[in-house]
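Structure at a glance
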Amino acid sequence: GRLPGTDGFIETIRYSEKFFEQHGLKQVLNDSWQQDIPIETNVIDSARVLIETGRDMLELIPGVDFSVRGYSGSGDVTAPVVFCGYGLESDVYSDYNDIDVKGKIVLIFKSNPPFLKGTLPEYSIRRAADAAYQQGAVAVIFVSQPNQQHPQEPIGSMMHGVGAMHAELPQIQISVDKAESLMSGSGYTLKQLQSAIDSLKKPFSVNCIKQASVFVKAKYDENGSTANIIAMLPGSDPVLKNEYIILGGHFDHVGAIGNAIYYPGANDNASGSAAVLELARIFAADSSRLKRSVIFVLFGSEEKGLDGSSYFVNHLPVPKEKIVAVFNMDCIGCGDSLMAGNGKSCPDLWNTAIEIAQQNKWPVSQRTWEGGGADLKPFYEAGIPGLYFVNTNAHQQLHLPADTPEILNQPQFTRMVMWVEAVTRKLALE
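Only a predicted model underlies this, so the values are computations on that prediction, with no experimental measurement involved.

What follows is about the overall build of the protein. The helix and strand tally for the protein stands at 10 helices and 15 strands. The C-alpha atoms of the protein give 23 Å as radius of gyration, which agrees with the globular expectation for 430 residues (22 Å, within 12%). Principal-axis analysis of the C-alpha atoms places the extent of the protein at approximately 75 × 40 × 40 Å. Counting only residues that meet the buried cut, the protein has 56% of its 430 residues in that class.

Before going further, it helps to spend a moment on the side chain of K104. Structurally, K104 is set in the loop between β4 (75–83) and β5 (105–109). Of the side chains bearing the opposite charge, D100 lies closest to the buried K104, which forms no salt bridge; the N-O distance is 4.7 Å. With residues up to four places along the chain from it excluded, the contact list for K104 reads A79, P80, V82, G136, A137, V138, A139 and N207.

Of note, the amide linkage connecting D268 to N269 takes the cis form, showing an omega dihedral of -5°. Mapped onto the secondary structure, N269 falls in helix α5 (residues 266–284). Although it is not a glycine, R2 sits at a positive phi angle of roughly 55°. Considering the arrangement of structural elements, one finds R2 in the segment before α1 (7–22). Residue classification places R2 among the buried residues on the basis of a relative accessible area of 13%. Even without being glycine, D31 reaches a positive phi, approximately 55°.

This brings us to α5. If you check α5, its first and last C-alpha atoms are 25 Å apart, about what 19 residues at 1.5 Å a residue would give, namely 27 Å. For α5, the buried fraction is high: 15 of the 19 residues fall into the buried class.

Before going further, it helps to spend a moment on the environment of V417. Its location among the elements puts V417 in helix α10 (residues 410–429). On the basis of relative accessible area, V417 is assigned to the buried category, the value being 9%. The sequence separation of V417 and G333 amounts to 84 residues, and the corresponding C-alpha distance is 9.7 Å. Each residue touching V417, except ones within four places of it in the same chain, is listed here: A275, E278 and L279.

Time to look at the packing of aromatic side chains. Tallied over the full model, the rule gives 13 aromatic pairs. Site record: aromatic cluster; members linked through ring pairs are F83, Y86 and F109. Residue placement shows R126 over the ring face of Y71; its charged tip is 4.9 Å from the ring centre.

Per the counting criterion, the structure on display carries 11 salt bridges. A salt bridge links R126 to E40, with the shortest nitrogen-to-oxygen separation between them at 2.9 Å. Within this pair, whereas R126 is found in helix α2 (residues 125–134), its partner E40 is found in strand β1 (residues 34–53), the two being separated by 86 residues in sequence. Each member of the pair, R126 together with E40, is buried. Two residues, E243 and R292, come together in a salt bridge whose shortest N-O distance is 2.7 Å. A residue pair is termed long-range when its members are at least 10 positions apart, and E243 in the loop between β8 (206–233) and β9 (244–250) and R292 in the loop between α5 and β12 (293–299) qualify at 49 residues.

By the alternation rule, side chains of strand β14 (residues 338–341) split into L338 and A340 and M339 and G341, which are all buried. Summarising the sheet, β14 and strand β15 (residues 386–391) pair through four bridges and their orientation is antiparallel. Paired with L338 across the bridge in β15 is N391.

Our next topic: the packing of α1 against α5. Where α1 meets α5, the closest approach of the two axes is 10 Å, and the angle between their N-to-C directions is 10°. Classified by the interaxial angle, the pair formed by α1 and α5 is roughly parallel. The two elements α1 and α5 cross, and the hand of that crossing is left-handed. Contacts between α1 and α5 involve Y15, S16, F19 and F20 on the former and, on the latter, L277, A280 and R281.

It is worth spelling out α1 at this point. One turn of an α-helix holds 3.6 residues; hence residues three or four places apart share an orientation. If you check α1, its first and last C-alpha atoms are 22 Å apart, about what 16 residues at 1.5 Å a residue would give, namely 22 Å. Buried within α1 we find F9, T12, I13, S16, E17, F19 and F20. Down the axis, α1 shows its buried residues gathered within 160° of arc, on one side only. Set apart from the buried face of α1 by more than 90 degrees, the exposed residues are D7, E11, R14, Y15, K18, E21 and Q22.

Definitions and limits used
- Residues numbered from 1 in each chain as written.
- Predicted model: local features only at pLDDT ≥ 70, side-chain atom pairs only at ≥ 80, totals over all residues.
- Heavy atoms only, no water.
- Helix = DSSP H or I, 4+ residues; strand = E, 2+ residues; numbered from the N terminus.
- Rg over C-alpha atoms; globule rule 2.2 N^0.38 Å.
- Buried < 20%, exposed > 50% of the residue type's maximum accessible area, 1.4 Å probe, protein only.
- Lys, Arg positive; Asp, Glu negative; His and termini not counted.
- Salt bridge = Lys/Arg side-chain N within 4 Å of Asp/Glu carboxyl O.
- Contact = heavy atoms within 4.5 Å.
- Expected span 1.5 Å × (residues − 1).
- Phe/Tyr/Trp six-rings, centres within 6.5 Å; stacked < 30°, edge-to-face > 60°.
- Lys NZ or Arg CZ within 6 Å of the ring centre and 35° of its normal.
- Pairing = 2+ DSSP bridges.
- Axes fitted to C-alpha atoms, helices over the stretch in contact; angles between N-to-C directions.
- Parallel < 35°, antiparallel > 145°, perpendicular 65-115°, else oblique.
- Left-handed = near helix turned anticlockwise from the far one by under 90°.
- Arc of directions from axis to C-beta.

Here it is as structure tokens:
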């Protein structure tokens, strides 16, 4: 699962460094391929969840019925479950005013209330967990809003946002249908409760009359680390060699739940990482023709919150004004057609890319956006031009155990790599 703090993450770094070295690329940093980055890490060693259904306790299936939040704390608790709406505690709205959750497990929607959009800070799992913790809860169960057209399945995720880390507070996400079964003795369904809260714009917290058992064992390290892996092919033109094109993609993913289940991340983003390596191989075999220099970067810890790319932008190994373009590749292994984001921010780059795709008669979407996206966002915010390469309809198995090599669309993946190669070649040779 290529999670920072695990053997898989270290193995990926070693493989990539060896690959760059074997193909004759140069180190950009001082005698190192790695740009080390301090971050907190959390590895889920094991977990077990049971919910009360009538007379019995039903054990949930990891990766199907439940997932463990990436920065969950450790604990082993059995307690009554209390539904507390959006789990919000603020001056303008509180789901905890009229209900006691001390010593209990809190079940909450994984979202801010839609009717308070614009008045609250960006949603944070940690803020929601902290609110429950401050009220005395012993565990938190997150669930997607059931009235959505496609409620999110329990996903593996390291995206927790800002807030306190509670190393003794287990935090899981369960499927909507299993959460509904927890509500079966309360007289309400989750759908009814969401409708009531959203329409009345008032809290509607209730006791579930059911118990749950949540066990999580996690290994938290406040002083952990991640890394970017950086290599370069220098250009040959006396002047243009001091200008740079950056090809990047994040190589981390979200790990595992002990030995029970792991998240392969074949499309997200082994596909983009493989493309970076393949493009390095292709250009290394023809490097004498390069006029501009090309930098290849595998970003660490995109899943936690763009940590790798943000650090790279704040510690650039080359002058910012000399970067001609950044091409980020993320989730390019499956989908229907080619797409390049950030075109509204960089119309000239986007038009060049679309023209190349059309000349080759590759299926390409006219959809684009501004503001970067994923690992391109820090570059956009720094004023560095770039495109975000991704396929349309590429995220059906995002952060699920089903994101395996079998779902990859090889012809589409090949077209995408050829597309990025062609766009890069045009900039690097002219």
